[in-house]
Each structure stands twice: as structure tokens, then as C-alpha cells.
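Below are the chains, spelled out letter by letter.
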Amino acid sequence: MKSNIVKDILADITKILNPHIPRAPREAQLLLMNFLKVDELWLLTNQNIEIQNTQELYKMTERRSKNEPLEYITNSVSFYSEEFYIANGALIPRPETEILIDEVIKNIPKKNTKLTIAEVGVGSGIISIMLALKFPNAKIIAVDISQDAIEIAKINIKKFGLQERIELRLGSLLEPIDESIDYLVSNPPYIEYGAKLESNLDYEPQNALFGGEIGDEIIKELLDEVLNRKIKFFSCEIGYDQKDRIALYLKDTKIKSLKFYKDLANFDRGFTLRL
Ligand SMILES: C[S@@+](CC[C@H](N)C(=O)[O-])C[C@H]1O[C@@H](n2cnc3c(N)ncnc32)[C@H](O)[C@@H]1O
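S.K.: Sorry, what's going on with the site of the ligand here?
M.R.: In the vicinity of the ligand, 24 residues are found, and the nearest of them are Gly-121, Gly-123, Ser-146, Asn-187 and Ala-208. Taken together, the elements giving at least two residues each to the shell around the ligand come down to α7 (126–134) and β4 (138–144). Here the shell around the ligand is built from residues that sort into 15 nonpolar, 8 polar and 1 charged.

S.K.: Can you help me understand the packing of helix α6 (residues 97–107) against α7 in this one?
M.R.: Helix packing for two helices is described by the angle between their axes and how far apart those axes are. With their axes 10 Å apart at the nearest point, α6 and α7 run at an angle of 35° to one another. Seen along the crossing, α6 lies across α7 with a hand that is right-handed. Between α6 and α7, the contacting residues are Thr-97, Leu-100, Ile-101, Val-104 and Ile-105 on the first element and Ile-126, Ile-127, Met-130, Leu-131 and Lys-134 on the second. Of the residues contributing to the contact of α6 with α7, the split by class is 8 nonpolar, 1 polar and 1 charged.

S.K.: Any chance you could explain the domain arrangement of the protein chain here in plain terms?
M.R.: For the protein chain, the assigned domains are domain 1 (6–66) and domain 2 (77–274). The centre of domain 1, based on its C-alpha atoms, is set 35 Å off from the matching centre of domain 2.

S.K.: Please clarify how unusual backbone geometry should be interpreted in this entry.
M.R.: One can expect most non-glycine residues to show negative phi and most peptide bonds to be in trans. The phi angle at Asn-75 is positive, at roughly 55°, despite the residue not being glycine. With respect to the element layout, Asn-75 can be found in the loop between α5 (70–74) and β1 (77–79). For Leu-173, which is not a glycine, the phi torsion comes out positive at approximately 45°. By the element assignment, Leu-173 lies in the loop between β5 (166–170) and β6 (183–186).

S.K.: Just to check I follow, could you spell out the pairing of strand β10 (residues 257–262) for this structure?
M.R.: Moving residue by residue along a regular strand, the side chains alternate between the two faces of the sheet. Alignment of β10 against strand β11 (residues 268–274), held across 6 bridges, turns out to be antiparallel. Across the sheet, the residue bridging to Lys-259 is Thr-272, located in β11.

S.K.: Sorry, what's going on with the packing of helix α1 (residues 6–17) against helix α4 (residues 55–65) here?
M.R.: Contact pair α1 / α4: the axes reach a minimum separation of 9 Å and the direction vectors enclose 25°. Considering their axes alone, α1 and α4 lie roughly parallel with respect to each other. As α1 packs across α4, the resulting crossing turns out to be right-handed. Seen from α1, the contacting residues are Ile-13, Ile-16 and Leu-17; seen from α4, they are Leu-57, Thr-61, Arg-64 and Ser-65. Grouping the amino acids of the contact of α1 with α4 by side-chain chemistry returns 4 nonpolar, 2 polar and 1 charged.

S.K.: What should I look at first to understand the environment of Leu-258 in this one?
M.R.: Tracing the backbone shows Leu-258 in strand β10. For Leu-258, a count of 16 C-beta atoms within 10 Å puts it in the partly exposed group. Considered as a pair, Leu-258 and Leu-275 are 17 residues apart in the sequence and their alpha carbons are 8.9 Å apart. Sequence-distant contacts of Leu-258, that is, excluding residues within four places in its chain, are made with Ala-247, Leu-250, Phe-271 and Leu-273.

S.K.: Please explain the environment of Leu-162 as it appears in this structure.
M.R.: Tracing the backbone through its elements, the reader meets Leu-162 in the loop between α8 (147–159) and β5. Classification of Leu-162 as partly exposed rests on a count of 16 C-beta atoms within 10 Å. Remark: the alpha-carbon pair of Leu-162 and Tyr-190, spanning 28 residues in sequence, is separated by 28 Å. Residues contacting Leu-162, with those up to four places away along its chain left out, are Ile-129, Ala-132 and Ile-157.

S.K.: Would you mind showing me how to read the sheet that holds β11 here?
M.R.: Within a beta sheet, neighbouring strands are joined by backbone hydrogen bonds and run either parallel or antiparallel to one another. Reading across from one edge, β5-β4-β3-β6-β9-β11-β10 is the order of the 7 strands in this open sheet, with mixed pairing throughout. The strands lining the two open edges of the sheet, one partner per strand, are β5 and β10. Taking the axes of each pair of neighbouring strands and ignoring which way they run, one obtains an average angle of 15° across the sheet. Sheet analysis places β6 next to strand β9 (residues 233–237), joined by 4 bridges and oriented parallel. Within β9, the residue paired with Leu-184 across the bridge is Phe-234. Contacts between α7 and the sheet are confined to β3 (115–120), β4, β5 and β6, with β4 contributing the most and set at about 180° to the helix.

Calculation criteria
- Residues numbered from 1 in each chain as written.
- Predicted model: local features only at pLDDT ≥ 70, side-chain atom pairs only at ≥ 80, totals over all residues.
- Near = placed C-beta within 6 Å.
- Helix = DSSP H or I, 4+ residues; strand = E, 2+ residues; numbered from the N terminus.
- Nonpolar A, V, L, I, M, F, W, Y, C, P; charged D, E, K, R; others polar.
- Axes fitted to C-alpha atoms, helices over the stretch in contact; angles between N-to-C directions.
- Left-handed = near helix turned anticlockwise from the far one by under 90°.
- Contact = placed C-beta atoms within 7 Å.
- Domains from an automatic or database assignment.
- Pairing = 2+ DSSP bridges.
- Parallel < 35°, antiparallel > 145°, perpendicular 65-115°, else oblique.
- Buried ≥ 20, exposed ≤ 12 C-beta atoms within 10 Å, placed from the backbone.

Right, dumping it as C-alpha cells:
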């Protein structure tokens, strides 16, 4: 019979994970901590305690052994030092998107400025939520084409008590927004159709990843909207190889500035356009 002692269960689920994923011992700890709703210290100091009803833990381990991202199994992801709810209807926030938020912060020097920010592709809500926390007088309108993503964002917006400040709208691009926008921000899908991706990305919503035949189609549609509506600021995340095409697209347009930024691995990762 299997032992129900914490340290034995840990060893057992590590063994299940080991052939399939790197860092199996650490991931086994994370799964167990999430299952028991305990922290690191508890785990360290309760290695010889007996626990019951571990079927769900083994189900979680099975999912992880098939390379499903840990975040979808634990329904939790940390981003910009905050914990967010996540489930497989929305993209798992990536660390590089923190730089996009820093870009917006850099461009709005006064924290108390009253302004309307629009986000296209809200996903789990991380960008709109962080901006609402940074700018207490900002009104935010956040759009997504996916009802699943909107539901996940709703949970996070409620978690941070921001229901009065962030309005979610279902629809495509800026179509659901008639109001005047001071700042547009987006981390749109920007991968080209057919690109070969790592297998864990199979679990993420495909319409959060793929932007078109070339990849930058949605970014260009957003640029058209910015130019037509004369939105003063637009900060956007891009693929590492899209900088030149975006600069070329804006070549003969009337803009104040176009500044690209890099991620921590030194790849081009986004831009801010000023009209
Ligand atoms: C790369 S994810 C970004 C999610 C989140 N903002 C983040 O940074 O983690 C892109 C999001 O855009 C949404 N999306 C795709 N096409 C869209 C469109 N035409 N209009 C609005 N949202 C769209 C997807 O559903 C997805 O939630």
C-alpha cells in the first residue's frame, strides 16, 4: 500500500513527473503546496505528517506530466509581484509584458492624471489591472474577442476590487469603443499562422497567439485605428522580428515619435507610438 506521509507522496509524484518535465522535484512541491493550500515553511516542517484523499493531487500530477502548464493546473500565476487567477481560456501572462506596463508608466509622468486607457486583448486582465492600480484616476475600457478571456478577467478585476474602474467589453479591436481614448495599450496575438511552437503552447488559446499569415496583421489594424482616431499614445508588444515592418508601415504617416523597446534577452519586444 502507498504511504500517505508528505515526504513519501512528494517522492512519488516527483517520480511520476521526472521523465516528462525538468525541475520535477520543485514542481512536485508546488503541486503539493497548491493542493494542500500551504506555504513553503509548512511543507519543510511537516514532512512526516499523514494526508488523506490525494486523488485530486494525483490527477494534477498526471496533467502536469502531459506538459500542461503548471499555472493552468494551479489556477494561479504571478505577474508584476501580484497573484492572479488563470485558467486555460486566457493566455498565461509572460514576464516580458511587465516591460509594456513600465512603458506606459514612463509615458504618464503624473500618477493622478485623469485619462481614458483602452486595452485590446485583455486576456486574464493583468495589464488593465496593473494600470488601474498605478493610475488611480484612470478609467479603463478593456476589450477581448474571447468570452472565456472576459470571464477570467472579470474574476481578477473583482479580486482587486476594480469593477468600477475597468469596464470589460466583448468584441474585436476597438469596435466596441466609441469614446475618445487617451492611451491605447495592447499585447495582441503576433505569431504567424503555422509557426512551430513548443508543445506546452498547445494548451493556450490559439486566438491569443496567432496574429495572421505574417503575424503582425492585428498590430497593423491597431495602428490604423490609432491614426484614424488620433489616439495620442499607443504602447504595444510585438514579436522579436517585427520592428522593421512596423517602422516601414508608419514611414509616411504623421507621427510625433516611434520608440521601440527591448526585453531582458535583448530582443525587440514592443514600441510606443506618439501622435
Ligand atoms: C497575447 S494575448 C494577451 C493577453 C493579456 N493582455 C496578456 O498580456 O497576458 C492576446 C489577447 O487578444 C485577444 N484577441 C485576439 N484577437 C482579438 C481581436 N481581434 N480583438 C480583441 N481581442 C483579440 C485574445 O483573445 C487574447 O486574449
